[in-house]
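# Coordinates in review
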Amino acid sequence: MRTKFSGILTLLLAFVVQISFAQEKTVTGTVTDPDGLPLPGVNIVIEDTSTGTQTDFDGNYSIQVSEGETLVFSYVGFVKQEIKVGNSNSYNVSMSSDNTLDEVVVQAYRTSSEKKSNIASSTVTSSTIENRPNANVIQTLQGQVAGLNIQTGSGQPGANSTVILRGAGSINGSIEPLYIIDGVPQNGDNFRSLNPNEIASVSVLKDAGATAIYGNRGANGVIIVETKRGSYNSSLEINYIGATGFTELQGNDYDLMNSQQLLTLENKRGLGLGATLTEEEIANYEVNTDWNDYFFRTGISQSHTLNLSSGSKNLASFTSLGYFNQEGILKTTDLNRFTFRNNLQGKSDNDKFNYSTNLTINWSRRNEATNVGTGGVNQNYVLGANNSAPYLSPSLYENSDQLFSLYQEDGTLLYTPLMLIDKLNNFSNQYDELKSIANISGSYKITDNITASANLGLDYTQTVRNVSIFGSI
């Protein structure tokens, strides 16, 4: 009985295998483009399997497939197509162009319609840049781009930042990347005059291939800034952007002595003011000045930008007016900036001729401190504030002549905080900067594959420094 049952199973298995082989067949055909030309290298895969083939040089293919299965045809630049196999043994396919894929064009000092190239790049959009309280837009890129190292050695509003993109490639030469704003090469100093709310995107080219476009100037990387533009066939759009921020002195872990502690130490050593006071007088001493609170403050920053954009059939414009004010954490330091920008673009009815103009005029005034991080204790506010005697009162200061007499009598730097007060009241270090960038470009499409273009850029900077010293110390 078992032998008979096994024989029946064997016959059924053979029958099923015969049916399976009978369903599989060879399907052939030719794959062409929309113009009827054969497409070599088209991928042909049976759906949901790893079985597939490719077309030969003449666009022909051959594949083993069963009825009811689906063949998937795919090729770069063309729409994927699917064909379900039926009774026929031949299927010719005409691939349709994929209009969503734009041609890759790399242009020096210009941008293509799509930000695609063989150069490693990162892009930061306006949504990341807007409404940040940074006076310098470069500081906004910190932490946004991998491999981009930004260092700012000063808390001065609008201070320059050191940007290293591809590592330090030189000891004495420049290590900063090349900056391009609307097609005009710049340096990093110009970003304190640029309104961040006017920027549409910032692209960072950090691959060595950037030198193929920008030459040796791009050896340290390239940062390309594109400002906002208007759109064709759009109504007037008015956009206001406002922001307010606060800045404070970074906290520290210094455990400074108060007046009683310092006077007690001086009393034991027999030096200074403490040596002339009794223990009771020291315990009842009222003056206890925190010089950090006296010289530094909570800085308030505010930004106001009004953007207007509109466009007709052949003309589009974008205009921006901006005001920025930032107080430094050190008293008397600040930055005031007024910005104006107008971007215009136009085209002919047949779209063969295109032109654009970019104009920005920015004026800024900044009051900077000196000797911050360097210099003597009586010139460096940070050093002096943390080393000054707390039992001295700011009310002791009268004028510069008084300080000169006190210094002659004491012969030490005990009256350092009074010297810093004198510097705060009488010293001025002011920079007025006028910055203008203009760019005019035009192009004419001669044929479908040939376009003639011209680009002219202008960069004008005028800086005036006023240093005033009214005291004698």
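Turning next to a nonpolar patch on the surface. A surface patch of nonpolar side chains, about 530 Å² in accessible area, is lined by L315, F353, Y355, Y444, I446 and I450. If you trace the backbone, L315 turns up in strand 17 (residues 315-327).

Of the voids in this model, the second largest pocket is the one considered here, and its volume is about 1100 Å³. If you trace the second largest pocket, you find 43 residues lining it, with S154, G155, Q156, T247 and I329 closest to the centre. Looking at the lining of the second largest pocket, the elements with two or more residues in it are strand 9 (149-151), strand 15 (234-247), strand 17 and helix 8 (381-387). If you tally residues by element for the lining of the second largest pocket, the top one is helix 8, at five residues.

At a minimum axis separation of 10 Å, helix 9 (residues 400-410) and helix 10 (residues 416-426) run at an interaxial angle of 155°. When the interaxial angle is binned, helix 9 and helix 10 end up roughly antiparallel. For the pair helix 9 and helix 10, the crossing hand works out as left-handed. Residues S400, L403, L406 and Y407 of helix 9 lie in contact with helix 10, whose contacting residues are L418, M419, D422 and N426. Residue composition of the contact of helix 9 with helix 10, by class: five nonpolar, two polar and one charged.

Counting 23 residues, the largest nonpolar core has F295, F296, Y381 and L418 as the members making the most contacts within it. Listed by contribution, the elements that provide at least two residues to this core are helix 5 (259-269), helix 7 (291-295), helix 8, helix 9 and helix 10. A total of five residues in this core trace back to one element, the largest contributor, which is helix 10. Contact partners of L418, with chain neighbours within four places excluded, come to S393, L396, Y397, L403 and L406.

Read from one edge of the open sheet, four strands run 3-2-5-6, paired in antiparallel fashion. The two strands at the open ends of the sheet, each matched to only one other strand, are strand 3 (52-54) and strand 6 (81-84). Across the sheet, the mean angle separating the axes of adjacent strands is 20° when strand polarity is ignored. In this structure, strand 5 (residues 70-74) lies alongside strand 6, joined through four bridges in antiparallel fashion. Paired with F73 across the two strands is Q81, which belongs to strand 6.

Rules used in this analysis
Residues numbered from 1 in each chain as written. Predicted model: local features only at pLDDT ≥ 70, side-chain atom pairs only at ≥ 80, totals over all residues. Heavy atoms only, no water. Patch = residues over 30% accessible without salt bridge, like charges linked within 9 Å, V, L, I, M, F, W, Y side chains within 5 Å. Areas by Shrake-Rupley, 256 points an atom, 1.4 Å probe, with all protein chains shown as cover. Salt bridge = Lys/Arg side-chain N within 4 Å of Asp/Glu carboxyl O. Helix = DSSP H or I, 4+ residues; strand = E, 2+ residues; numbered from the N terminus. 1 Å grid on protein atoms, 1.4 Å probe; cavity = no way out; pocket = protein on both sides within 12 Å on 5 of 7 lines; lining within 4 Å. Points joined across faces, edges and corners; volume = space filled by probe spheres on them. Axes fitted to C-alpha atoms, helices over the stretch in contact; angles between N-to-C directions. Parallel < 35°, antiparallel > 145°, perpendicular 65-115°, else oblique. Left-handed = near helix turned anticlockwise from the far one by under 90°. Contact = heavy atoms within 4.5 Å. Nonpolar A, V, L, I, M, F, W, Y, C, P; charged D, E, K, R; others polar. Core = buried A, V, L, I, M, F, W, Y, C linked by side-chain atoms within 4.5 Å. Buried < 20%, exposed > 50% of the residue type's maximum accessible area, 1.4 Å probe, protein only. Pairing = 2+ DSSP bridges.

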